Amino acid sequence: FDLLAVGSLAMPAFEDETRSDVVCTVLVRLRDQVKQVGMAFFSPSSREFSVCEFIDNDHLSILEAAILQTTPKQCYHFVVPAVSKRVKELLEGCDVGQEEVKSVLFKTDAVEQDLERLLEDGVKNHLQEVSMQVAMPCLAALIDRTRLLADHGNFSACRLKIHLVDAFMRLDKASFSALQLLPRPGDGVRVPTSVLGFLNRCRTAVGSRRLTQWVTQPLVDPEELGKRHDIVELFVNDEPFRQAVVNRHLSSVPDLDRLLARFRNVGRSTGTSAGLEDMVRLYQCLLGTDKLHRVLLGYTGPHRDVLEGVITRPLGSCLKDFHNFFALVEQTVDLDEASKGNYIISSAFEPSFKALEQRKKELWAQVEALAQQVQSKLGLGGGKDGGVRVVEATGGQGWAFRVTKKQQKAVQSKPGMRTVQLNKGEFLFTNPAMEKLVRQVKEVDDDYQTRQSALVQKALQVAATYHPVLERLAAVFATLDVLTSFALVSISSKGSFVRAKIDPSNKVVDLRGARHVLVEEVTDGAFIKNDVVMDRESSRMFVITGPNMGGKSTFIRMVALVSLMNQVGCFVPCDSATLPLFSAVMCRVGASDLQLRGVSTFMAEMLEASCIVQTATPTSLVLVDELGRGTSTYDGFGLAWAIADHLATKVNCFSLFATHFHEVAALADVRQCVVNKHVRALTHKEKLTFLYEVREGFADQSYGVHVAEMARFPEHLVTNAKRKAEHLEAGSKAANKRFRGEAGGMESLAEVLGAADVDD
């Protein structure tokens, strides 16, 4: 079995709006049984390269994390045969288009020369990147596949950076699915059925895109995370300031990413290029930005220094660098005409335009006078019916007279009148004199457009040089929009949200009154809050037992979701919270057959569990839900015990282990760091009621027969099941006592599982 076959069909496709435009290349080498992985990424919209290289494990979990952090739409790869199948299935599982390419593309003979032509700051400033032995071949292949050298517009326009995989919380495919991070197709990016949809109160397009990036790249740097929390806190606590920023300014910001792409395409033969309208839109945005900057400068409350460093000062720097752009637009564009939707070069900028403009005014005066003459000739009044008006016909037929449809006969009865267009409720017509004037107006317009075309191109070429400043402006607005969105979520959602305290020692998880926000959103009644208090020394693992549908899965996912929301930068759905910064969230949840790949439910469980056992670290958060259901009771229990024991005593990470094997609760008797929890349920007159409360201790029964009753099993089947269950339970109690006495000597099978070569 292939280690990565599991899960490759388990993560459904995501909503198209969350997809990036990133293209990547992957190279995997094998040196002395060590897997060396190189990656290169390119975003056409931002013209930014990023590279990384690392040593990966048998499961290629770091490669998987890097793919999920960057969400590329296409990947070109060349890997050694030993892992080729794994890479292909990993990419398929992450919903990434892929193509296997030849090794010749990964030759680095000309990569430095190519970078010298493409990078805006040359190769000399990127010695660290160029020295990366596995990433540089990827960059060479990426330049070839994207055909960047074929477009001179890319020369001296690209940037290069290192992608630091460990700068963000690592999330695997199972975590993406279990925590519902991104929306499924058709859900949209604002529907609260995903973490992205729940958090998305953004007012700008750039903000929504930045939020998608943040959700897939939770921070692990406490300083950067603290800055996000500070700004969210000030917006939560200062409602007038928040409203001034969000309602008066952010709502009017255009899609700056698209504007940026248009300005970058000026002078290029491909893509949609910017026009005068785009210059005016950016100008109007900058006028609003100046007002916003003044509002931000006026803030004097808590965390003012942080706000100034992250938002206010960068925004002011952008405005300063745009100073000459204001003058460019005001001098070259006729802003009065632009307000009417007519984007032309100002006549004040080019003297020859004044004569053309004057001629056009004279012709339009003649057109209006002719309309009055026609109206008099037809004997029509200008009252309720509007008389004769001049309108533009559709289909490129030019300007014409317009009357209501009931006046059509009066027009057609007069000689010299020609029908132009018949619409619902109106009749358009012309005459020889009108046609002559329309031709003359068109000649003046064509002359104007011909003369201004060269000036427009010159103005746009100058405006396009501001694209680096526009990119900085878009980044500042995106950050501001996401942080205000977090504040809006925190104050307007169903329950209370608080700023989590960060435990620098990474020893405590303390959540009071915690809630699962996605479940809460679809719950009609009040969501049942639960406390989670874990200590690395005395209670780093919870073994959670209780009936199916009782809330075990929701409880363990809730802890991971709260942790992720905290590290994204948002407040968390709790009454109070103290959290460490987790380096990874790893999940083994749910059950799915991959029979087309020859992978059963149980093998899928074991492959996922093997990956966790071998790659989890003390700073990971591990969720295990109902492990061992796909095999015999004894085998399943033995594996569940061994894996839980390994996580608790060898990995030493915070773990939430939900199980239907109540006997696993005996682990708490022999491991001081394990604590038993159970979800409460009541039975009254054979009726089962779920309370969704998590309490100390283990569940004393499974309630499986009660759930069967709820599913309306035939009564005789339920009776027979109860009789058999009571008989088996009576026999197992004595064995359970003996087992508890012998538990301390049980061999840790997780070590065997971790060391096993599953491929064999």
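Residues numbered from 1 in each chain as written. Predicted model: local features only at pLDDT ≥ 70, side-chain atom pairs only at ≥ 80, totals over all residues. Heavy atoms only, no water.

Overview of the overall build of the protein chain
Line of reasoning, step 1. Scanning the protein chain for helices and strands turns up 27 helices and 21 strands.
Line of reasoning, step 2. By residue count, 52% of the 760 residues in the protein chain fall in the buried class.
Line of reasoning, step 3. Sequence separation of 24 or more characterises 71% of the internal contacts of the protein chain that already satisfy a separation of 6 or more. (Helix = DSSP H or I, 4+ residues; strand = E, 2+ residues; numbered from the N terminus. Buried < 20%, exposed > 50% of the residue type's maximum accessible area, 1.4 Å probe, protein only. Contact = heavy atoms within 4.5 Å.)

Regarding the pattern of salt bridges
Line of reasoning, step 1. On inspection of all chains with the given rule, the structure shows 39 salt bridges.
Line of reasoning, step 2. As a salt-bridge pair, Arg-262 and Asp-278 come within 4.0 Å of each other at their nearest N and O atoms. In this pair, Arg-262 is assigned in helix α11 (residues 256-264) and Asp-278 in helix α12 (residues 276-297), connecting sequence segments 16 residues apart.
Line of reasoning, step 3. Here Arg-262 falls in the partly exposed class, since its relative accessible area comes to 31%.
Line of reasoning, step 4. A relative accessible area of 6% means that Asp-278 is categorised as buried.
Line of reasoning, step 5. Across the pair Glu-426 and Arg-402 runs a salt bridge whose closest N-O atoms are separated by 3.0 Å. One end of the pair, Glu-426, is in strand β11 (residues 426-430); the other, Arg-402, is in strand β9 (residues 399-404), with 24 residues separating them in the sequence.
Line of reasoning, step 6. In the salt-bridge network here, residues are joined through shared partners; they are Glu-48, Arg-159, Lys-161, Arg-264 and Glu-471. (Salt bridge = Lys/Arg side-chain N within 4 Å of Asp/Glu carboxyl O.)

Brief notes about the pairing of strand β4 (residues 74-79)
Line of reasoning, step 1. The buried fraction of β4 amounts to five of the six residues, a majority that puts the element mostly inside the structure.
Line of reasoning, step 2. Here strand β1 (residues 23-31) runs beside β4; their pairing, made up of six bridges, is parallel. Paired with Cys-24 across the strands is Cys-75, a residue of β4.
Line of reasoning, step 3. With four bridges connecting them, β4 and strand β5 (residues 97-100) associate as parallel partners. Pairing of Cys-75 across the sheet is with Gln-98, part of β5.
Line of reasoning, step 4. With respect to chirality, the unit in which β4 leads through helix α2 (residues 81-93) into the neighbouring parallel β5 is right-handed. (Pairing = 2+ DSSP bridges. Right-handed = clockwise from strand over helix to strand, strands pointing away.)

Quick word on the packing of helix α1 (residues 61-70) against α2
Line of reasoning, step 1. Two elements in contact, α1 and α2, have axes separated by 11 Å at closest approach and are oriented at 30°. For the element pair α1 / α2, the angle class is roughly parallel. Once α1 is placed against α2, the crossing between them reads as right-handed. For the pair α1 and α2, the contacting residues are Leu-63, Glu-64 and Ile-67 in the first and Val-87, Leu-90 and Leu-91 in the second. (Axes fitted to C-alpha atoms, helices over the stretch in contact; angles between N-to-C directions. Parallel < 35°, antiparallel > 145°, perpendicular 65-115°, else oblique. Left-handed = near helix turned anticlockwise from the far one by under 90°.)

Focus on the sheet that holds β4
Through backbone hydrogen bonds, the strands of a sheet pair up, either in parallel or in antiparallel fashion.
Line of reasoning, step 1. Taken in spatial order, the six strands make up an open sheet running β5-β4-β1-β2-β3-β6, and their pairing is mixed. In this open sheet, the two strands that pair with only one neighbour each are β5 and β6 (159-162). For this sheet, the mean angle separating the axes of adjacent strands, direction not counted, is 20°.
Line of reasoning, step 2. Seen against the sheet, α1 touches β1, β2 (34-43) and β3 (48-56) and runs at an angle of roughly 160° to β3.

Description of the packing of α12 against helix α14 (residues 323-332)
Line of reasoning, step 1. Two elements in contact, α12 and α14, have axes whose closest approach is 10 Å; the angle formed by their N-to-C orientations is 130°. Classed by the angle they form, the pair α12 and α14 counts as oblique. Classified by chirality, the crossing of α14 by α12 is left-handed. Contacts from Met-279, Leu-282, Tyr-283, Leu-286 and Leu-287 of α12 reach α14 at Phe-325, Phe-326, Leu-328, Val-329, Glu-330 and Thr-332.
Line of reasoning, step 2. Of the residues in the contact of α12 with α14, the class split is nine nonpolar, one polar and one charged. (Nonpolar A, V, L, I, M, F, W, Y, C, P; charged D, E, K, R; others polar.)

Observations regarding the sheet that holds strand β16 (residues 576-579)
Line of reasoning, step 1. The strand order across the open sheet formed by four strands is β12-β16-β13-β14, and the pairing between neighbours is mixed. Every interior strand has two partners, whereas the edge strands, β12 (501-502) and β14 (530-535), have only one.
Line of reasoning, step 2. The pairing of β12 with β16 spans two bridges and is parallel. For Lys-501, the partnering residue across the bridge sits in β16 and is Thr-578.

Concerning the packing of aromatic side chains
Line of reasoning, step 1. Summed over the entire model, instances satisfying the criterion amount to 17 aromatic pairs.
Line of reasoning, step 2. Measuring from ring centre to ring centre gives 4.9 Å for Trp-364 and Trp-399, while their planes differ by 90°; the resulting arrangement is edge-to-face. You can see Trp-364 sitting in helix α16 (residues 352-378) and its partner Trp-399 sitting in strand β9, a full 35 residues away along the chain.
Line of reasoning, step 3. Judged by relative accessible area, Trp-364 falls into the partly exposed class, the value being 23%.
Line of reasoning, step 4. Chaining the aromatic ring pairs together yields one cluster made of Phe-235, Phe-241 and Tyr-299.
Line of reasoning, step 5. Geometry around Tyr-76 places Arg-145 over its ring, the cationic atom sitting 5.8 Å from the centre.
Line of reasoning, step 6. In this structure, Lys-677 is placed above the aromatic ring of Phe-542, and the distance from its NZ or CZ to the ring centre is 5.0 Å. (Phe/Tyr/Trp six-rings, centres within 6.5 Å; stacked < 30°, edge-to-face > 60°. Lys NZ or Arg CZ within 6 Å of the ring centre and 35° of its normal.)

As for the confidence of the model for the protein chain
Line of reasoning, step 1. Here the protein chain shows a mean pLDDT of 87. Residues at 70 or above account for 88%.
Line of reasoning, step 2. The low-confidence segment residues 592-598, where pLDDT is below 50, has 18 contacts with residues more than four positions distant or belonging to other chains.
Line of reasoning, step 3. Contacts of residues 743-760 to residues separated by more than four positions or lying in other chains number 32 contacts, the stretch itself having pLDDT below 50. (pLDDT = per-residue confidence, 0-100.)

A few points about helix α21 (residues 552-568)
Line of reasoning, step 1. Compared with the 24 Å implied by 1.5 Å per residue over 17 residues, the 25 Å span of α21 between its first and last C-alpha is a close match.
Line of reasoning, step 2. Burial analysis of α21 places 15 of its 17 residues in the buried class, which makes it a mostly covered element. (Expected span 1.5 Å × (residues − 1).)

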